[in-house]
Structures are given as C-alpha cells and as structure tokens.
Amino acid sequence: MSFVLEAMKKREARANPDAAVALARQTAERRRNRLWAGLFALTMAINAALLLWVFGLPLLGRDGPAAGEEAAVAPLPAPTQPSQPAATAAAGPAPAAGTAAIAVEAPLAKPAPARPRPAPRPIDVALQDLPDDVRARFPGLAFSTHIYAEDADLRAIVANGERLQEGDRVRGLEIVAITETGVVLAFERYRVSVPILSDW
C-alpha cells in the first residue's frame, strides 16, 4: 500500500514542482527518523548487554554454575570386598582413606543337636527275684480276673476291683503286657513278671 502511495505522490510531484520539493523533504525526514530509531534500539541493546555482563555474571558465579555447565561430581570409590573373614580382617591393617570397608560377619557355628540319651533298658525279673529294697516298695495288688486273647484289645485283668488293660497304670505300676501265664508290670527300672492270680 505504501508503494502505491509513493507512486501516486511521485506522479503528483512531476505534475507540481512544489509538491516534489515537499515530497523530497518528507522522504528525507522519514529516513532520518528511521535512522534515529535504529540507533536508539541499537544503543538500548548494547546497554542491556553491558548491564547483564556487569551484574549478571557475578550473580551466576555466586548462585551456581551457568546454564549448560555440568557440575563436576567426584565419583565415589567402589567398596572393597574383603577376601578373608571378619575376624582375620579385623586383625589386619586399617583400610586406606577414601575406601569403604565392609564388615562381614563370620557365620555362627550351629551347635550340634543334642542327642537324646538312650533310656536305660529295663531289667526283666520275676516278682520273687526283686531286690529286697525294691520288693519293699513294690505296691500290692489283688487279682480277681485274667483274660487273655490274641486280640490285644480284648486282653484285660481285674485288680483291686478295677478292670485294666495293657498300657494302664495303677498304684505306680504300668501294665506292660497281659500274657497267657500272667502279667508284666513296669516298676522303677524293672519289668516284673507276675503269674496268674497271684496276690502280694
């Protein structure tokens, strides 16, 4: 649009000499204004760059590294793995400065499981062959019935008026077995064979 206006003004200037002089003055003044505007913008840009260089760089140096710069980080030393157990490593020289020493605990030795003591084997003995002191402590029983069968669940005796089977206890005695000829009773460290229907 401005080119069209200038062309029209040039055409008028050719037709009118006074208009040509006025057009020339306007053109020169317009160029002068553009020049001053460009110089002003360039001056402001230079001032801004100088202010940034004077005041901005110290602030950047004080606050941290400039944009695009990476902070130098010293790599951490790799931990050293001791080649000996902790007890041996503790007696050796101290680790050098800057290295991380890792304490390795020696595995605790598991105690051997305690073996159960074997129970003393009972002494098989007939009632009349018990030692006198044991015989004196042996409790008395009165048998009234004795039942023996191949099926262990059917075996039973009646002693002191009580029906008993294998595994039962009475007066400190355990009925170990009911045999064809009597019973076997456990007392202290003895297995005492008692004949059928014996009272004591």
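The structure under discussion appears in the preceding block.
Everything quoted here is computed from the prediction, not taken from an experiment.

(A) Representation of the sheet that holds strand β6 (residues 173–178). Sheet architecture is open: five strands sit in the order β1-β8-β7-β6-β5, paired in mixed fashion. The open sheet has two free edges, formed respectively by β1 (123–126) and β5 (169–170), since each of these has just one partner strand. As paired strands, β5 and β6 are joined by two bridges and run antiparallel to one another. Residue pairing for β6: Val170 is matched across the bridge by Leu173.

(B) Region of the structure containing a positive patch on the surface. The grouping of Lys10, Arg11, Arg14, Arg30, Arg31 and Arg34 at the surface amounts to a positive patch. Among the secondary structure elements, those contributing two or more residues to the positive patch are α1 (2–15) and α2 (17–63). Note that Lys10 resides in helix α1. We classify Lys10 as partly exposed; its relative accessible area is 48%.

The rules behind each value
- Residues numbered from 1 in each chain as written.
- Predicted model: local features only at pLDDT ≥ 70, side-chain atom pairs only at ≥ 80, totals over all residues.
- Heavy atoms only, no water.
- Pairing = 2+ DSSP bridges.
- Helix = DSSP H or I, 4+ residues; strand = E, 2+ residues; numbered from the N terminus.
- Patch = residues over 30% accessible without salt bridge, like charges linked within 9 Å, V, L, I, M, F, W, Y side chains within 5 Å.
- Areas by Shrake-Rupley, 256 points an atom, 1.4 Å probe, with all protein chains shown as cover.
- Salt bridge = Lys/Arg side-chain N within 4 Å of Asp/Glu carboxyl O.
- Lys, Arg positive; Asp, Glu negative; His and termini not counted.
- Charge placed at Lys NZ, Arg CZ, Asp CG, Glu CD.
- Buried < 20%, exposed > 50% of the residue type's maximum accessible area, 1.4 Å probe, protein only.

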